[in-house]
Amino acid sequence: MSTILQTENLQYIYPAVEEGEGATVALRGVDLKIEKGSFVVILGHNGSGKSTLSKTFNAILLPSAGSVYVEGMNTDDEEHLLDIRRRVGMVFQNPDNQIVSNVVEEDVAFAPENLGVPTAEIRQRVDRALDAVGMVEFAQHAPHLLSGGQKQRIAIAGVIAMEPDCIVLDEATAMLDPTGRREVLSTAHWLNREKGITVVLITHHMNEAEDADRVIVMDDGKIAMDGAPKEVFVRVEELRSLGLTVPDTVDLLDRLRRDGLDLPLDALTVDACADAVAEALR
Amino acid sequence: MEPILKVVHLTHIYGTGTPFERSAVEDMSFDVADGEFLGIIGHTGSGKSTLIQHLNGLLKPSSGQILLEGKDIWAEPKKIRDVRFRVGLVFQYPEYQLFEETVYKDIAFGPTNMGKTGDELDCCVREAARLVGIRDDQLEKSPFELSGGQKRRVALAGVLAMQPRVLILDEPTAGLDPAGRENLLANIRDYHRNKNGTVIMVSHSMEEVAQNVDRILVLKSARVLMQGTPKDVFCRADELLSAGLDVPQITRVAMALKERGLAVDPAVYTTEALERQLLTLRKGAAGC
Amino acid sequence: MLKDITLGQYFPGDTIAHRLDPRTKLLLVVLYIVGLFCADSGLTYGVMIAVFLTCARISKVGAKALVRGLKPVLLIIIFTGILNLFFTPGDYLFQFGVLHISRQGIKLAVQMVLRIMLLIMGTFLLTYTTSPIRLTDGLERLLGGLKKLHVPVHELAMMMSIALRFIPTLIEETDKIMSAQKARGADFESGNLFHKAKALIPILVPLFISAFRRADELAVAMECRCYHGGEGRTKLNPLKYAARDYWALACGAAVTAGVIVLGRFGF
């Protein structure tokens, strides 16, 4: 499989806002390769550098040192700017602050309009994008009357209309209720599965990482853990020390193991956990 | 003992007389006991927000009553502000309402509106700050220099400083990371325990509610679906699930274990409790 | 309370008035205003009233909605009426101290009141039948020529449409902040003007801070979606003149020309 995103010794320093204050180092040397078509979850507590990292993926932030490549293009290269932004789409936390227009379909059309796509094709892209997020019937609605989850799906559609290779969801579920969160997650998984779009999901909800191909845990501007969900979640103590919680299933298995039961730690889902426990007690 | 807050057949209808007429709260009745920690849970649109804005008199019932310490809060509409001091409401994302130059002044806004001055005011502010873990040296800072989690704690202190009899929190942990969430919940638990305060917490998260409150009120489509202790409520996990509500993950594990033929009581909602149950099962097995 | 604001409200519909190109409608409004200011007699005012009623009929906007639009300017209308009625010199019919009513005063008062009412209700017809997006599109295209004079037409249009997009969001936010401060005992109703103005600080400060935060985030989100100014932009729904637009413009021009000519010949 080919690499879509790559960072090499990536560092980022936020300059001091006022004189006398120190600059904030957000990223301290991140080396990362993200494979095309994968579903990657980046976890970390607030201030771990995960959001900064995601903003370097499409040249919203340029590295203070090191480099970021999107399909081989250096994000530092002004010439490729639009091409990079088109390929790596971003969805942010607050759905209200990323919707530009007061008609849903006009908002979805915003990116292709900026890219100078011909009118007839914009129409097709908008229809396809709305269909992909299941919001066709809302094409003529005013976005501010939709639910949080629906607004986020519109934001995703607005990104899909660029026909990107990769979508980065920067804490896009943080402000949503459980229903909205499920809507956004299942949309992201569907796009990954059916359309082959690479998804990078940034979150602090552990259970959103259960179905990912790969989990990266950030801490203090560096990658602290990296692996399949099963490999990462079994490191219970480490995760806790990084300010994260483990899913209750893993917590239960961990406790029972300490009590001397012979159990695996990597049964993440409710059913897998129940199977393992039932097996051990039989 | 007389309940501190009593909601009697409360109904609230939006847009009366327009084509958009709909009831956000329909015939809700429940009591809140003095010193109780009550959790309110339900989907977006189940009427949670409308309900709690009635409890401190921000909204007026279309019909029904709210009794605070036995007295209808709308008996004297002119004194509704006093009700707001006695029933403190912390809105969702309360950090967005901070406005003063210093943390101290912002926390002092509520008590100042109550007419407190001098040492009494100072005492309220410092005590509230201490309750949420804001250090003395942070009081003179601008609230906008603080981190997101700290800002939220300042906003919470702003309500605690009014020393309300009842504290209502609308999704206090929304958008916080796990550590921030746990910190804030610990603040609330401490307040509840040490001050013996009555707390009502609205939340989307079943886990959060289950692990913190004494009693749960479940709302669905503008009505009270069920109320009782967490154990009572999660006993009826099937009902909750079919109503489209979540149950804690650990309850689902217990249900799955029962399905697999283990003698597990599925009405558990903490990992500790399930662990204990499973250990007795093992001991039983070893005895055979 | 804040939800009553009808500023720039749009009633979706499918009448000819809705389907006309926004540029046509903007030009028609200009013609209509010219006509209103040239009208000077019973006959010409009659023509303008007929024009207005016809347009209102065609666009199927209810009388209630139009009258509601007048509410915010009611005071100005009354004030203008009274000023003209009592302070216009001429053949006095009635006098009381400095106050006097003259024949000319009555005529002028009626004319001015009618003019303001027709002006406002006419422009409301435009905003009621045209979505804000198409309105800004229309403005951008109509004023496109000014780009050569280095007027940032695209940027202005973009700013306007974003402002319109955020009005409901900010209204909602204001309501929320007000409730939150009320919950802390803020009092917006009692006290004198000074107190009332001071009571607004706890609302305005958070509102401004949040507006800046929103602007920041929106700017980043727009950049992420490849926004780089008006250069080379295409449109999902480009504006296109149809036959009906030419007809409408021809009718509008004819009526206005008619009013001007009638005025010239002293009717």
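Before any of the text, the structure's been laid out above.
Residues numbered from 1 in each chain as written. Chains lettered and ligands numbered in written order. Predicted model: local features only at pLDDT ≥ 70, side-chain atom pairs only at ≥ 80, totals over all residues. Heavy atoms only, no water.

K.L.:
Talk me through the overall build of chain B; I want residue IDs and the actual numbers.
P.N.:
Within chain B one finds 11 helices and 10 strands. Taking 2.2 N^0.38 as the reference for a compact globule, 288 residues should give roughly 19 Å; the C-alpha atoms of chain B span a radius of gyration of 21 Å, in line with that estimate. Residue burial in chain B is summarised as follows: out of 288 residues, 56% are buried. Excluding contacts between residues fewer than 6 apart, the proportion of contacts in chain B whose partners are at least 24 apart in sequence is 62%. Of the roughly 12,100 Å² of accessible surface on chain B, 49% is carried by carbon and sulfur atoms. Here chain B holds 35 positive side-chain charges and 39 negative ones, and the gap between their average locations is 2 Å. (Helix = DSSP H or I, 4+ residues; strand = E, 2+ residues; numbered from the N terminus. Rg over C-alpha atoms; globule rule 2.2 N^0.38 Å. Buried < 20%, exposed > 50% of the residue type's maximum accessible area, 1.4 Å probe, protein only. Contact = heavy atoms within 4.5 Å. Areas by Shrake-Rupley, 256 points an atom, 1.4 Å probe, with all protein chains shown as cover. Lys, Arg positive; Asp, Glu negative; His and termini not counted. Charge placed at Lys NZ, Arg CZ, Asp CG, Glu CD.)

K.L.:
Quick rundown of the pattern of salt bridges? Include the residues and the values.
P.N.:
Taken as a whole and judged by the stated rule, the model has 57 salt bridges over all chains. Across the pair A:Glu121 and A:Arg125 runs a salt bridge whose closest N-O atoms are separated by 3.1 Å. In this pair, A:Glu121 and A:Arg125 both sit in helix H5 (residues 119-132), 4 residues apart, roughly one turn of the helix. When its relative accessible area of 11% is taken as the criterion, A:Arg125 is described as buried. In this structure, B:Lys48 engages B:Glu171 in a salt bridge whose closest nitrogen and oxygen atoms are separated by 3.9 Å. One end of the pair, B:Lys48, is in helix H1 (residues 48-55); the other, B:Glu171, is in the loop between strand S7 (166-170) and helix H6 (178-195), with 123 residues separating them in the sequence. On the basis of relative accessibility, which here comes to 5%, the residue B:Lys48 falls in the buried class. Relative accessible area serves as the criterion here: at 10%, B:Glu171 is assigned to the buried category. (Salt bridge = Lys/Arg side-chain N within 4 Å of Asp/Glu carboxyl O.)

K.L.:
How would you summarise the interface of chain C and chain A if you had to cite specific residues and measurements?
P.N.:
Facing the 29 residues of chain C at the interface are 35 residues of chain A. Overall, the association of chain C and chain A removes approximately 3,000 Å² of surface from exposure, summing both partners, and the carbon and sulfur fraction of that is 55%. On the chain C side of the interface with chain A, the three residues burying the most area are C:Arg165, C:Arg225 and C:Leu236, jointly 29% of the side's total. The salt bridge involving C:Arg233 is made with A:Glu113; its shortest N-O contact spans 3.0 Å. Applying the counting rule to chain C against chain A returns 17 residue pairs in polar contact (both at pLDDT 80 or more). Those elements that place two or more of their residues in the side of chain C that touches chain A are helix H7 (132-142), helix H8 (153-183) and helix H10 (201-224) of chain C. For the side of chain C that touches chain A, the element with the most residues is H10(C), which contributes 9 residues. Of the residues contributing to the side of chain C that touches chain A, the split by class is 16 nonpolar, 5 polar and 8 charged. (Buried area = accessible area lost by both parts, 1.4 Å probe. Polar contact = N/O pair within 3.5 Å; in protein donor to acceptor, adjacent residues only side chain to side chain. Nonpolar A, V, L, I, M, F, W, Y, C, P; charged D, E, K, R; others polar.)

K.L.:
Provide a residue-level description of empty space enclosed by the protein, including the pertinent values.
P.N.:
One pass over the structure, following the stated rule, counts 5 cavities of 30 Å³ or more. Broken down by secondary-structure element, the contributors of at least two residues to the lining of the largest cavity are helix H3 (104-108) and helix H4 (110-114) of chain A together with H7 and H8 of chain C. Residues belonging to the lining of the largest cavity are distributed by class as follows: 5 nonpolar, 4 polar and 7 charged. Of the pockets and cavities examined, the second largest cavity occupies roughly 90 Å³. Taken together, A:Pro178, A:Arg182, B:Ile41, B:Gly42, B:His43, B:His204, B:Met206, B:Gly244, B:Leu245 and B:Asp246 make up the lining of the second largest cavity. (1 Å grid on protein atoms, 1.4 Å probe; cavity = no way out; pocket = protein on both sides within 12 Å on 5 of 7 lines; lining within 4 Å. Points joined across faces, edges and corners; volume = space filled by probe spheres on them.)

K.L.:
Can you lay out unusual backbone geometry for me, pointing to particular residues and giving the numbers?
P.N.:
The phi torsion at A:Glu171 lies on the positive side, around 50°, for a residue other than glycine. Relative to the helices and strands, A:Glu171 resides in the loop between strand S7 (166-170) and helix H7 (178-195). What makes A:Glu171 buried here is its relative accessible area of 9%. Its identity is not glycine, yet C:Lys60 carries a phi of approximately 55°, on the positive side. Mapping C:Lys60 onto the fold places it in the loop between helix H3 (42-59) and helix H4 (63-70).

K.L.:
Can you break down the side chain of A:His204 residue by residue, with the values?
P.N.:
Within the secondary structure layout, A:His204 lies in the loop between strand S8 (198-203) and strand S9 (214-219). Given the relative accessible area of 2%, A:His204 is considered buried. A distance of 3.2 Å separates a polar side-chain atom of A:His204 from the backbone oxygen of B:Leu176. Setting aside chain neighbours within four positions, we find A:His204 in contact with A:Leu43, A:Gly44, A:Asn46, A:Lys50, A:Glu171, B:Gly175, B:Leu176, B:Asp177, B:Pro178 and B:Arg181.

K.L.:
Go over the environment of B:Thr271 with me, naming the residues and quoting the values.
P.N.:
Structurally, the position occupied by B:Thr271 is in helix H11 (residues 271-287). When sequence neighbours within four positions are dropped, the list of residues in contact with B:Thr271 reads A:Asp248, A:Asp251, A:Leu252, A:Arg255 and B:Ile250.

K.L.:
Can you lay out the sheet that holds S8(A) for me, pointing to particular residues and giving the numbers?
P.N.:
All names here are of chain A. Read across the sheet, 6 strands follow the order S6-S7-S8-S3-S9-S10 without closing on themselves; strand pairing throughout is mixed. Looking at which strands have only one partner, the edges of the open sheet turn out to be strand S6 (88-91) and strand S10 (222-227). Strand-to-strand twist across the sheet, computed as the mean angle between neighbouring axes with direction ignored, equals 20°. Here S7 pairs with S8 via 5 bridges, running parallel. Along S8, the bridge assignment pairs Ile167 with Val199. Of the strands in this sheet, S6 and S7 are in contact with helix H6 (residues 148-160), which crosses S6 at around 165°. (Pairing = 2+ DSSP bridges. Axes fitted to C-alpha atoms, helices over the stretch in contact; angles between N-to-C directions.)

K.L.:
Account for the packing of H3(C) against helix H11 (residues 243-264) of chain C, with residues named and values stated.
P.N.:
Residue and element names in this part refer to chain C. It is the contact of H3 with H11, at a shortest axis distance of 9 Å, that shows an interaxial angle of 170°. As the angle between them shows, H3 and H11 are arranged roughly antiparallel. Crossing angle aside, the handedness with which H3 passes H11 is left-handed. Across from Leu43, Thr44, Val47, Met48 and Val51 in H3, the residues of H11 making contact are Val255, Val259, Leu262 and Gly263. Taken together, the residues that form the contact of H3 with H11 break down as 7 nonpolar, 2 polar and no charged. (Parallel < 35°, antiparallel > 145°, perpendicular 65-115°, else oblique. Left-handed = near helix turned anticlockwise from the far one by under 90°.)

K.L.:
Can you break down the interface of chain B and chain C residue by residue, with the values?
P.N.:
Listed by partner, the interface residues are 20 residues for chain B and 16 residues for chain C. With both sides pooled, the region where chain B packs onto chain C buries about 1,600 Å², and carbon together with sulfur makes up 62% of that total. Where chain B touches chain C, the interface holds 2 salt bridges. In this structure, C:Arg184 engages B:Asp106 in a salt bridge whose closest nitrogen and oxygen atoms are separated by 3.0 Å. For the pair chain B and chain C, the interface holds 4 residue pairs in polar contact (both at pLDDT 80 or more). Contributing elements (two or more residues each) for the side of chain B that touches chain C: helix H2 (80-86), helix H3 (103-113) and helix H5 (148-160) of chain B. Considering every element that reaches the side of chain B that touches chain C, the biggest residue donor is H3(B), with 4 residues.

K.L.:
So what about helix H4 (residues 118-131) of chain B? Which residues, and what values?
P.N.:
Residue and element names in this part refer to chain B. For H4, with 14 residues, the first-to-last C-alpha span of 20 Å sits near the 20 Å given by 1.5 Å per residue. On its buried side, H4 packs onto H3, H5 and H6. Backbone geometry just after H4 places Gly133 at a positive phi near 75°. (Expected span 1.5 Å × (residues − 1).)

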